[in-house]
Amino acid sequence: MHLQRLPARTAEPTAIPPELPGALRSCLANAGIEALWSHQAEARGRILSGEHVVLATGTASGKSLAYQLPAAERILADDRSVVLYLAPTKALARDQLRAVRSLGLPGVRAAVVDGDTPPDERTAVRRSANWVLTNPDLLHASILGDHRRWAEVLHRLALVVIDESHTARGVFGSHVALVLRRLRRLLERYGAEPTFVLTSATIGNPAEHARALTGLPVTAVTRDGSPRGAMDLGVWLPPTDASGDRRTSTLEQCASLLSSFVAAGVQTLAFAGSRRATEVIAVTAQRRLADAGSGTGSAERAGEGGELPLAERVAAYRAGYLADERRALERRLRSGELLGVAATEALELGIDVSGLDAVLLAGWPGTSTAFWQRLGRAGRAGTAAVGVLIAAEDPLDHYLVRHPEELTSRPAEDAIVDAANPYLLTPHLRCACQEAPIDDDEARRWFGPSATDLLAAEVAAGRLRRRGGRTSWPWRHRAAGRVGLRSAGSGNVRIVDAATGAVIGDVDEERSHRQVHDGAVYLHQGRTYLVDRLDLDAGVALVREAGEVGFTTRPRSDTDVRIVDTADARGDGVVDVARGRVEVTSQVTGFDVLRLGGSDVLDRVDLDLPATTLDTSAVWFTVTDDALSAVGLAPRRVPGSLHAAEHAAIGMLPLLALCDRWDLGGLSTAEHPDTGLATVFIYDGVPGGAGLAERSYHRFDEHLAMTRSTIAGCRCTSGCLSCVHSPKCGNGNDPLDKAGALAVLDLVTTHRGGDGPGGRSHAADTGRR
């Protein structure tokens with residue numbers, strides 16, 4: 001285990017501005033605030049002067065106060081002014097509502113509008129609220145499409161706050177950027193020109209990212225003046241059993257640490273990367289505490305739940321829960337009744353909790369930004385804290401175990417959005433046409449040079465109407481109803497308990513093929529369900545509670561990649577690397593039934609699901625047969641060698657791009673029909689691409705060198721989840737050849753993709769049509 005103490009940070013206080021209204025000065029005094037941190041004072045001054053600002057400082061640095069003060073000052077000066085606050089989650093918006101109302105300021109009328117708000121309450125908000133808190137999804141689906149009802153609010157808008165803006169990246173970020181362009185277009189029509197304020201975790205490009213989101217010039221405030229307590233940071237590799245054949249699973253180890261901390265009265269958050277993982281951690285920790293016969297915990301942390309058994313003071317928190325479930329869990333955590341919570345980023349983005357003692361990370365969270373954001377939940381009051389990264393069976397995690405200095409020295413990643421992605425821009429153009437007919441000049445000004453061609457294509461297809469030089473939406477239903485911001489797909493599948501008819505969760509349609517197919521095991525609130533039927537036409541997965549089943553399921557799939565065109569390529573004829581557009585066809589063909597906690601296949605079941613097609617971006621490399629033969633790879637070993645190299649390379653790319661391996665896909669083949677050679681593809685998992693594969697192309701040497709280092713450093717003999725196995729492999733990790741993968745990577749890095757002497761570089765258009 002690697003252990004390191006991160007030093008405390010000294011505060012940089014600034015005197016409370018003398019011109020601050022008396023009501024606000026009283027609020028600060030009542031909260032025990034005697035000074036502002038330097039970044040709060042700087043942000044306030046810039047906002048009040050009319051600058052668009054992004055505040056990018058650490059967790060618990062008081063970013064909320066930095067925009068709450070100028071927002072309140074605007075309203076106190078003119079209570080007809082309106083503040084619009086956008087949060088990435090419902091929970092965070094409601095948390096901020098509590099914070100704004102706690103100020104007790106006269107004239108400030110704050111209210112939340114989200115999917116849980118009844119129609120009569122929405123009407124009341126439109127009529128009287130001057131601090132409206134919502135999320136980009138509702139702004140997109142309801143407010144913009146119904147803007148005439150919100151006309152008075154939009155006309156009086158003085159400030160737009162986009163909280164946790166670093167989460168708006170990739171597909172979601174590109175959607176948000178387009179929603180904000182639609183908002184600004186309508187605001188111009190209503191005569192409003194508000195100041196935009198964004199808050200962000202520490203990322204590599206806060207000003208650039210904020211400009212990409214809003215389409216406005218934005219000033220970045222990045223020097224953090226808040227104090228920070230010391231933190232003991234540990235990197236933990238789960239141990240192997242006595243035989244050395246089996247390593248304790250990451251989730252099992254995380255549950256063990258969580259139960260130990262809870263038993264000691266240490267309030268702890270355990271972050272995991274999936275819904276299922278949070279359920280497993282919480283249930284396992286509860287069982288450990290119950291089996292140990294633990295009492296009610298430390299009196300210092302008793303809170304409202306001091307008389308409860310410790311097993312009942314542990315819970316899971318994730319997206320997909322219904323509103324009442326979320327709110328109940330939030331109240332228990334805030335009151336101290338909950339001592340241990342296993343959470344996805346739904347809690348990371350949803351609750352501003354103080355006084356936490358420890359944070360556990362069940363695996364690398366995908367980015368340096370997310371790593372520090374989650375660790376920042378501990379020691380929030382400026383006290384010392386504990387943070388532990390528990391390595392998962394993943395190539396990237398094991399690379400960090402061997403190179404822990406990367407955790408503290410690696411710079412924050414850039415957040416990337418692409419508002420010009422035609423697969424995302426086209427549906428937002430439909431929405432804009434419904435909100436107000438649009439001419440070509442306006443389309444180019446708000447949505448970029450490609451907008452006019454996309455509008456023309458929509459008119460030609462009969463989806464939009466063109467009259468008098470303006471394009472409009474000719475249908476009665478809302479265009480926004482068919483556009484979800486959280487994916488590039490067509491919508492969500494509701495997960496329904498067949499016995500009660502209750503909706504217990506949801507999943508987007510693309511993931512439903514893999515997660516809630518017929519026969520799949522689905523976990524919710526610690527309960528195990530089996531999927532009876534996935535009805536894609538109705539958008540429903542019917543499930544039934546199954547108790548303890550003793551097994552889990554893993555989908556199998558087939559994938560084919562066709563090169564559409566090659567944008568760039570380089571190489572020496574032995575090893576070539578290229579990037580370009582590809583068409584990926586995938587089909588979930590069945591699933592394996594696995595023994596719970598192991599890899600034994602108990603059964604194999606076929607499925608009849610439709611194929612899906614993805615037009616996206618990819619990077620790929622090719623190797624000649626002679627070169628493979630020269631390094632000792634006979635034809636029978638080539639498929640497994642390439643397959644293993646592909647898996648490991650996908651696992652390492654998130655160190656170079658702001659993503660995780662679930663955002664990527666891959667394919668390897670001993671002879672691809674478009675290249676005629678042994679080929680390995682890595683592609684972006686979203687329509688139109690997200691710039692991830694392109695990042696690999698431009699840092700190809702570094703990418704494959706890290707990949708080779710990870711495989712070579714793994715102690716296993718023939719491959720494992722720490723090096724060349726993939727948890728998402730549609731072929732059950734077969735075939736895989738670890739030694740062969742090293743030979744392939746040595747060969748490729750030796751030739752360096754044509755970057756070395758004698759290499760050639762060219763642009764090409766060689767795809768099979």
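Residues numbered from 1 in each chain as written. Predicted model: local features only at pLDDT ≥ 70, side-chain atom pairs only at ≥ 80, totals over all residues. Heavy atoms only, no water.

The next subject is the overall build of the protein chain. Helix and strand content of the protein chain: 25 helices and 31 strands. Radius of gyration (C-alpha) of the protein chain: 27 Å, near the 27 Å computed for a compact globule of 769 residues. Its C-alpha atoms put the protein chain at 80 × 75 × 60 Å along the principal axes. Burial statistics for the protein chain: of 769 residues in total, 55% are counted as buried. The long-range share in the protein chain, meaning contacts at least 24 apart out of those at least 6 apart in sequence, stands at 73%. (Helix = DSSP H or I, 4+ residues; strand = E, 2+ residues; numbered from the N terminus. Rg over C-alpha atoms; globule rule 2.2 N^0.38 Å. Buried < 20%, exposed > 50% of the residue type's maximum accessible area, 1.4 Å probe, protein only. Contact = heavy atoms within 4.5 Å.)

Time to look at the pairing of strand 11 (residues 231–236). When strand 1 (residues 2–6) meets strand 11, the two strands line up antiparallel, connected through 5 bridges. Within the sheet, the bridge partner assigned to Leu-6 lies in strand 11 and is Met-231. (Pairing = 2+ DSSP bridges.)

As a further point, take the confidence of the model for the protein chain. Summing up the model confidence of the protein chain, the mean pLDDT is 88 and the portion of residues at 70 or higher is 91%. A low-confidence stretch, residues 753–769 stays under pLDDT 50, and its non-local contacts, those more than four residues away or across chains, total 42 contacts. (pLDDT = per-residue confidence, 0-100.)

Bringing the packing of helix 10 (residues 250–263) against helix 11 (residues 275–292) into the picture now. Running from N to C, helix 10 and helix 11 cross one another at 50°; their axes reach a closest spacing of 8 Å. Of the possible angle classes, the one that applies to helix 10 and helix 11 is oblique. Here helix 10 runs over helix 11; the crossing is right-handed. Touching Leu-251, Glu-252, Cys-254, Ala-255, Ser-256, Leu-258, Ser-259, Val-262 and Ala-263 of helix 10 are Ala-277, Val-280, Ile-281, Thr-284, Ala-285, Arg-288 and Leu-289, all from helix 11. Of the residues contributing to the contact of helix 10 with helix 11, the split by class is 11 nonpolar, 3 polar and 2 charged. (Axes fitted to C-alpha atoms, helices over the stretch in contact; angles between N-to-C directions. Parallel < 35°, antiparallel > 145°, perpendicular 65-115°, else oblique. Left-handed = near helix turned anticlockwise from the far one by under 90°. Nonpolar A, V, L, I, M, F, W, Y, C, P; charged D, E, K, R; others polar.)

One finds Phe-371, Phe-621, Val-623, Leu-628, Ile-711 and Val-748 to be the most contacted residues of the largest nonpolar core, which totals 71 residues. For this core, the element with the highest residue contribution is helix 22 (residues 638–652), accounting for 8 residues. Once residues within four sequence positions are removed from consideration, Phe-371 is found in contact with Leu-233, Leu-361, Trp-364, Pro-365, Leu-389 and Leu-407. Listed in part, the 61 residues of the second largest apolar core include Leu-86, Ile-162, Ala-168 and Leu-464. (Core = buried A, V, L, I, M, F, W, Y, C linked by side-chain atoms within 4.5 Å.)

Here we come to the sheet that holds strand 14 (residues 340–343). Strands sit in the order 1-11-16-15-12-14-13 across an open sheet of 7 strands; the sheet is mixed. Both outer strands of the open sheet, strand 1 and strand 13 (314–317), are each paired with one neighbouring strand and no more. Between one strand axis and the next, the sheet turns by 15° as a mean value, whatever way the strands run. Here 4 bridges tie strand 12 (residues 268–271) to strand 15 (residues 358–362), and the two strands are oriented parallel to one another. When the bridges of strand 15 are listed, Leu-269 appears paired with Val-359. Helix-sheet contacts for helix 14 (residues 368–375) involve strand 1, strand 11, strand 12, strand 15 and strand 16 (385–390), and the interaxial angle to strand 15 is about 145°.

Our focus in this paragraph is the sheet that holds strand 18 (residues 465–467). Sheet architecture is open: 3 strands sit in the order 17-19-18, paired in antiparallel fashion. Edge positions in the open sheet fall to strand 17 (438–439) and strand 18, since each of these has one partner strand only. Where strand 17 meets strand 19 (residues 470–472), 2 bridges bridge the pair, whose relative direction is antiparallel. Looking at strand 19, one finds that Asp-439 is bridged to Arg-470.

The next subject is the pattern of salt bridges. Within this structure, the stated rule accounts for 37 salt bridges. The partner of Arg-556 in a salt bridge is Asp-606, with the nearest N and O atoms 3.0 Å apart. Linking Arg-556 in strand 25 (residues 551–571) with Asp-606 in strand 27 (residues 601–606), this pair joins segments that are 50 residues apart in sequence. When its relative accessible area of 64% is taken as the criterion, Asp-606 is described as exposed. Note that Arg-708 is salt-bridged to Asp-746, the shortest N-O span being 2.4 Å. Of this pair, Arg-708 sits in helix 24 (residues 700–713) while Asp-746 sits in helix 25 (residues 738–751), and the two are 38 residues apart along the sequence. By relative accessible area, Arg-708 is classed as partly exposed at 29%. Judged by its relative accessible area of 30%, Asp-746 falls in the partly exposed class. Through salt bridges with shared partners, a single ionic network connects Arg-554, Arg-556, Asp-592, Arg-604 and Asp-606. (Salt bridge = Lys/Arg side-chain N within 4 Å of Asp/Glu carboxyl O.)

Of note, the amide linkage connecting Asp-734 to Pro-735 takes the cis form, showing an omega dihedral of 0°. Mapped onto the secondary structure, Pro-735 falls in the loop between helix 24 and helix 25. One non-glycine residue, Ala-60, lies in the positive phi region at around 65°. By the element assignment, Ala-60 lies in the loop between strand 4 (53–56) and helix 3 (63–77). Phi at Glu-164 takes a positive value of approximately 50°, unusual for a residue other than glycine. Inspection of the secondary structure assignment puts Glu-164 in the loop between strand 8 (157–162) and helix 8 (170–189). For Glu-164, a relative accessible area of 10% puts it in the buried group.

Tallied over the full model, the rule gives 5 aromatic pairs. Relative to Trp-372, the ring of Phe-371 has its centre 4.9 Å away and its plane inclined at 75°; by these criteria the two rings are edge-to-face. Look at Trp-372 and you get partly exposed, because its relative accessible area is 33%. Here the aromatic cluster, defined as three or more aromatic residues joined through ring pairs, consists of Trp-364, Phe-371 and Trp-372. Over the ring of Tyr-697 we find Arg-570; its NZ or CZ atom is 4.3 Å from the centre of that ring. We note Arg-579 situated over the ring of Tyr-697; from NZ or CZ to the ring centre the distance is 5.7 Å. (Phe/Tyr/Trp six-rings, centres within 6.5 Å; stacked < 30°, edge-to-face > 60°. Lys NZ or Arg CZ within 6 Å of the ring centre and 35° of its normal.)

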